[in-house]
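What follows is the residue order along each chain.
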Amino acid sequence: AVEIQYCVGCRWQLRASWVAQELLTTFTESGRAPQIASVTLIPVVNPQGVFKVSVGGIEVWDRKVQKAFPESKEIKQLVRDIVSPSKDLGHSDKKA
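In short, a report on the structure. (Residues numbered from 1 in each chain as written. Predicted model: local features only at pLDDT ≥ 70, side-chain atom pairs only at ≥ 80, totals over all residues. Heavy atoms only, no water.)

**Re the nonpolar core**
Alright, step 1. Among the nonpolar cores identified, the biggest contains 19 residues, and Val-2, Ile-4, Leu-23, Phe-51, Val-53, Ile-75 and Val-79 are the most heavily contacted of them.
Alright, step 2. Breaking this core down by element, the ones donating at least two residues are β1 (2–7), α1 (13–26), β3 (51–55), β4 (58–62) and α3 (72–83).
Alright, step 3. Not counting the four nearest positions on each side in its chain, Phe-51 is found in contact with Ile-4, Gln-5, Tyr-6, Trp-12, Arg-15, Ala-16, Val-19, Trp-61, Asp-62, Arg-63, Phe-69 and Pro-70. (Core = buried A, V, L, I, M, F, W, Y, C linked by side-chain atoms within 4.5 Å. Buried < 20%, exposed > 50% of the residue type's maximum accessible area, 1.4 Å probe, protein only. Helix = DSSP H or I, 4+ residues; strand = E, 2+ residues; numbered from the N terminus. Contact = heavy atoms within 4.5 Å.)

**Looking at unusual backbone geometry**
Alright, step 1. Residue Pro-47 is bonded to the preceding Asn-46 through a cis peptide linkage, with omega at 0 degrees.
Alright, step 2. The topology assignment puts Pro-47 in the loop between β2 (39–44) and β3.
Alright, step 3. Phi is positive for Arg-11, which is not a glycine, with a value near 65 degrees.
Alright, step 4. With respect to the helices and strands, the residue Arg-11 is situated in the loop between β1 and α1.
Alright, step 5. One non-glycine residue, Lys-67, lies in positive phi territory at about 60 degrees.
Alright, step 6. Along the chain, Lys-67 falls in the loop between α2 (63–66) and α3.

**Description of the pairing of β4**
Alright, step 1. Pairing of β3 with β4, which is carried by 4 bridges, proceeds in the antiparallel orientation. The partner of Val-55 across the bridge, within β4, is Ile-58.
Alright, step 2. Linking β3 to β4, which pair antiparallel, is a turn of 2 residues; within it Gly-56 sits at a positive phi near 55 degrees. (Pairing = 2+ DSSP bridges.)

Any link to function would need more than the numbers given here.
Here it is in structure tokens:
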């Protein structure tokens, strides 16, 4: 399960929804069990400025620590490394 915490006052719901859509699209294939059971969006009022992504309780991104929002490629790689390390992400994969 993936959890995305986002700041309500910063109006980051759309960004959180976009990340959720990217992850669900990447880790769900027709005819197969999803590799991510769910994505939960968690609105946060305090503290302000929160944008965190966790997978199975493991925090993989914190905007305040990384000082940036995750790029699609980055967040897919971080999630893949936990839920399905052998999954090929195609053009979104790390360069060897």
